[in-house]
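# Results of the structural survey
What follows is each chain in one-letter form.
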Amino acid sequence: MTDSTQTAIPRGPGGMALFSLFAMAAILVMGFFLHQRISELEVARGDTAPPVLIVDYDQVFASFPSDATDDQMESLILNLNQRIIGLQEAGYLVLSADAVLGAPNSLRVSADYLLSKEDDDE
C-alpha cells in the first residue's frame, strides 16, 4: 500500500518568475531591433525637414483685379492652385497663413509669383 501523505518536493523558481524573465528578455530584444529600424529610417529620410512656404490667401485675393469677370476669376484661381501644386511637387511644404501663428516674412510666397503665368518660371 502507498502512504497517503505526500512529501514536499523542493522546486526551482516559480513559473511566473520564469515567464517574467522571458518576457523581459523578449521586450529588450524587440526594443533593440526597433531602435535599429528607426535609426535606419532616420538615415534614409535624412535629418532635414522639407522647406516651408506660406501662402497668404487674403493678400493673393486682394491682388485679383476688382473688375474681373467670373471666367477670369476662375482662371486666376485655377492658376493659383497650379502654382501651389507646382511648389508641392518641387518638395515644399505649403501652408496657409491662416494656419500659421508666426513665421518670418521670408517664408511667405508673394502674390505676384502665385498669380504669374507658368511660362514666367524660367
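Everything below is about the structure printed above this text.
Residues numbered from 1 in each chain as written. Predicted model: local features only at pLDDT ≥ 70, side-chain atom pairs only at ≥ 80, totals over all residues. Heavy atoms only, no water.

## Things to note about the overall build of the chain
Along the backbone of the chain there are four helices and two strands. Counted from the first residue to the last, the chain has its helices and strands arranged as α-β-α-α-β-α. Counting every position in the chain, which comprises 122 residues, the buried fraction comes to 16%. In the chain, 82% of the contacts between residues at least 6 apart in sequence involve partners at least 24 apart. (Helix = DSSP H or I, 4+ residues; strand = E, 2+ residues; numbered from the N terminus. Buried < 20%, exposed > 50% of the residue type's maximum accessible area, 1.4 Å probe, protein only. Contact = heavy atoms within 4.5 Å.)

## Brief notes about the nonpolar core
With 12 residues, the main nonpolar core is built from Leu53, Val55, Val60, Phe64, Leu76, Leu80, Ile84, Leu87, Val109, Ala111, Leu114 and Leu115. Broken down by element, the residue count for this core peaks at four residues, all from helix 3 (residues 70-89). Once you skip the residues sitting within four places of it in the chain, Leu53 turns out to touch Leu87, Tyr92, Leu93, Val94, Leu95, Leu107 and Val109. (Core = buried A, V, L, I, M, F, W, Y, C linked by side-chain atoms within 4.5 Å.)

## Let's talk about the packing of aromatic side chains
Applying the stated criterion across every chain, the model contains three aromatic pairs. The interplanar angle of 70° and the centroid separation of 5.4 Å between the aromatic rings of Phe32 and Phe33 together place this pair among those described as edge-to-face. Aromatic ring contacts, followed pair by pair, group Tyr57, Phe61 and Phe64 into a single cluster. A cation over an aromatic ring shows up here: Arg83 above the ring of Tyr113, its NZ or CZ 4.1 Å from the ring centre. (Phe/Tyr/Trp six-rings, centres within 6.5 Å; stacked < 30°, edge-to-face > 60°. Lys NZ or Arg CZ within 6 Å of the ring centre and 35° of its normal.)

## Concerning helix 3
In this model, helix 3 (20 residues) spans 28 Å end to end at C-alpha, consistent with the 28 Å of a helix rising 1.5 Å per residue. Among all positions of helix 3, only Leu76, Asn79, Leu80, Arg83, Ile84 and Leu87 are buried. Angular distribution of buried residues about the axis of helix 3 spans 135°; they occupy a single face of the element. Away from its buried face, by an angle of more than 90 degrees, helix 3 presents the exposed residues Asp70, Asp71, Gln88 and Glu89. In the core, the buried residues of helix 3 are packed alongside strand 1 (52-55), helix 2 (57-62), strand 2 (93-96) and helix 4 (111-115). Directly beyond the C-terminal end of helix 3, a positive phi value near 100° is found at Gly91. (Expected span 1.5 Å × (residues − 1). Arc of directions from axis to C-beta.)

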